[in-house]
Amino acid sequence: IWDLHKGVRIHALYEPTVFNSVCYHPDESQYITGSANNKIGFWDAYDGSPIRFITGGEDDITCLDIHSEGKIFVSGGADKNVNVWHYDDGKLVSSGKGHSGKISKVTLSPDQKIVVSVGSAGGIFIWDIL
């Protein structure tokens, strides 16, 4: 994590994997990361220490998005699944599969009712999560 104005590193997150995605929690207390080891990591934003890890799928976690209120987040992965998670307890809320390749981008709608995903094969899917 860098201070771009000063050009210096503030934090470094260490895990024996490749990070593919990161999101900043809206209350600025935590980061979540998606990794090549199929884990989603929760990190303290103050000192960069790990809080917990959950298994996010059967393959690489390639993308993440978190709702502006921080209650839920979405992950996409190389396993072709789009997953919606409850942030506080890390429990899976819902899951969808439809892409023919890995998920390259996920985003939540402002009303928290729709997820839009893009796959590496070029398909755009719209998911109703309620």
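One structure accompanies this document, and this report is about it. Not measured: the values here are computed from a predicted model. Think of each chain on its own: its residues are numbered from 1, step by step along the sequence as written. Per-residue local features of the predicted model are confined to residues with pLDDT of at least 70, and side-chain atom pairs are confined, for both listing and counting, to 80 or more; whole-chain, interface and lining totals are unaffected and use all residues. As a convention, hydrogens and water are excluded, and side-chain values are obtained from all of the structure's heavy atoms.

Observations concerning the overall build of the protein
Argument step 1. For the protein, the helix and strand inventory stands at zero helices and 13 strands.
Argument step 2. Each helix corresponds to a stretch of at least 4 residues labelled H or I by DSSP, and each strand to a stretch of at least 2 residues labelled E; elements are numbered beginning at the N terminus. Ordered by position from the N terminus, the helices and strands of the protein form the series β-β-β-β-β-β-β-β-β-β-β-β-β.
Argument step 3. Every radius of gyration here is taken over C-alpha atoms, with the globule rule written as 2.2 Å times N^0.38, N being the number of residues. In terms of overall size, the protein behaves like a compact globule, its C-alpha atoms giving a radius of gyration of 14 Å where 130 residues would be expected to give roughly 14 Å.
Argument step 4. Summarising its shape, the C-alpha atoms of the protein cover approximately 40 × 30 × 30 Å along the three principal directions.
Argument step 5. When each of the 130 residues of the protein is scored for burial, the buried share is 43%.
Argument step 6. In the protein, 33% of the contacts between residues at least 6 apart in sequence involve partners at least 24 apart.
Argument step 7. Total accessible area on the protein is roughly 7200 Å²; 53% of this is exposed by carbon and sulfur atoms.
Argument step 8. The convention is simple: Lys and Arg are positive, Asp and Glu are negative, and His and the chain ends are not counted. Positions of charges follow a simple convention, taking NZ of Lys, CZ of Arg, CG of Asp or CD of Glu. Positive and negative side-chain charges of the protein, numbering 11 and 16 respectively, have mean locations separated by a distance of 4 Å. Buried means the residue's accessible area, taken with a 1.4 Å probe over protein chains only, is under 20% of the maximum for its type, while exposed means over 50%, and partly exposed covers the values in between. For this analysis, residues touch if any pair of their heavy atoms sits within 4.5 Å. Surface exposure here means Shrake-Rupley accessible area, sampled with a 1.4 Å probe, where a residue is shielded only by the protein chains that are shown.

Some points on unusual backbone geometry
Argument step 1. Phi at E28 is positive, roughly 65°, even though this residue is not glycine.
Argument step 2. Within the element layout of this structure, E28 appears in the loop between β3 (19–24) and β4 (30–35).
Argument step 3. Here E28 falls in the exposed class, since its relative accessible area comes to 54%.
Argument step 4. Positive phi values are uncommon outside glycine, yet K80 reaches one of about 75°.
Argument step 5. For K80, the location among the structural elements is in the loop between β8 (72–77) and β9 (81–86).

All quantities given are derived from atomic positions and should not be read as evidence of function.
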